[in-house]
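# Structural characterization, general
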Amino acid sequence: MSEVAASYERQPAPASQLPRRILVVEDDPDLLRALTLRLTCAGFTVYTASDGELAIRQALDLQPDLIVLDLGLPGLSGHGVASRLRRDGRPMFPIVVLSARSEIEERAAAGQLGAAAYLVKPYEPRQLLSLINSVLR
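The shown structure was predicted, so the numbers you read here are calculated from the model rather than taken from an experiment.

Within a regular strand, the side chains alternate between the two sheet faces. A two-sided burial pattern is seen for strand S3 (residues 66–69), the buried positions comprising Leu66 and Val68 on one face and Ile67 and Leu69 on the other. In the sheet, strand S1 (residues 21–25) pairs with S3 via 4 bridges, with the strands oriented parallel. Of the residues in S3, the one forming a bridge with Val24 is Val68. In this structure, S3 lies alongside strand S4 (residues 95–99), joined through 3 bridges in parallel fashion.

With that settled, the discussion passes to the sheet that holds strand S5 (residues 117–120). Taken in spatial order, the 5 strands line up as S2-S1-S3-S4-S5 in an open sheet, and their pairing is parallel. In this open sheet, the two strands that pair with only one neighbour each are strand S2 (45–49) and S5. Across the sheet, the axes of successive neighbouring strands diverge by a mean angle of 20 degrees, strand direction being ignored. Helix H4 (residues 78–86) contacts S3 and S4 of the sheet and is inclined by roughly 155 degrees relative to S3.

With that settled, the discussion passes to helix H2 (residues 29–41). Across its 13 residues, H2 extends 18 Å between first and last C-alpha, which sits within 8% of the 18 Å expected from 1.5 Å per residue. Here H2 has its buried residues at Leu31, Leu32, Leu35, Arg38, Leu39 and Cys41. The inward-facing, buried residues of H2 abut S1, S2, S4 and helix H6 (125–136). Its side-chain oxygen at 2.9 Å from the backbone nitrogen of Asp30, Asp28 defines the N-terminal cap of H2.

Time to look at the pattern of salt bridges. What the rule picks out here adds up to 6 salt bridges. Linking Glu106 and Arg101 is a salt bridge whose minimum nitrogen-to-oxygen distance equals 3.8 Å. Here Glu106 falls in the buried class, since its relative accessible area comes to 19%. Each of Glu26, Asp70 and Lys121 takes part in a single network of salt bridges with overlapping partners.

A separate point is the confidence of the model for the chain. Scored by pLDDT, the chain has a mean of 85; 84% of the residues are at 70 or more. Mean pLDDT values for the elements of the chain range from 43 in helix H1 (residues 3–7) up to 98 in S2. Contacts for the low-pLDDT stretch residues 1–15, under 50 throughout, to residues beyond four places or in other chains number 21 contacts.

Another point: the nonpolar core. Generally speaking, soluble globular proteins have nonpolar side chains that are buried together. Ile22, Val24, Leu39, Phe44 and Ile132 are the most contacted members of the largest nonpolar core, which has 20 residues in total. Residues in contact with Val24, not counting those within four places in the same chain, are Leu32, Leu35, Leu39, Val46, Tyr47, Thr48, Ala49 and Val68. By size, the runner-up hydrophobic cluster in this structure holds 19 residues, among which are Ala55, Ala59, Leu69 and Val97.

Glancing now at the pairing of S4. Of all 5 residues that make up S4, 5 are buried, and the element is covered over most of its length. Looking at chain direction, S4 and S5 are connected through 4 bridges and run parallel. Looking at S5, one finds that Val96 is bridged to Ala117. Between the parallel pair S4 and S5, the chain is carried across by helix H5 (residues 104–112), and the sense of this crossover is right-handed.

Rules used in this analysis
Residues numbered from 1 in each chain as written. Predicted model: local features only at pLDDT ≥ 70, side-chain atom pairs only at ≥ 80, totals over all residues. Heavy atoms only, no water. Buried < 20%, exposed > 50% of the residue type's maximum accessible area, 1.4 Å probe, protein only. Helix = DSSP H or I, 4+ residues; strand = E, 2+ residues; numbered from the N terminus. Pairing = 2+ DSSP bridges. Axes fitted to C-alpha atoms, helices over the stretch in contact; angles between N-to-C directions. Contact = heavy atoms within 4.5 Å. Expected span 1.5 Å × (residues − 1). Polar contact = N/O pair within 3.5 Å; in protein donor to acceptor, adjacent residues only side chain to side chain. Salt bridge = Lys/Arg side-chain N within 4 Å of Asp/Glu carboxyl O. pLDDT = per-residue confidence, 0-100. Core = buried A, V, L, I, M, F, W, Y, C linked by side-chain atoms within 4.5 Å. Right-handed = clockwise from strand over helix to strand, strands pointing away.

So this is what it looks like as structure tokens:
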């Protein structure tokens, strides 16, 4: 096991809900790898997308239990992804926004698009896991 993997303590998802599928949408490759490792070690099945268009295709194909969504994506923004996933009676995927943007207006806009939670980068990994488990309950 790598040093990075060893540094993450296992925090399994509730047994009644295993395995839960999470789509992580993040364009920073290092952060995407870290999120994937953290969530996999916590017992989730993780899928990834690095841009908005791929995120929409993945969400509709995979029907994840939750989406962790960055707002600052190349091409279609995170706001655009959330908006397109919410329209036309498509299934509702709980969304946890993970963004460097901390402005109140950004949080309000994400809330209007149906985000269940908003976490500002840099974030505390335990806080992210706690938010995800709370949203999935």
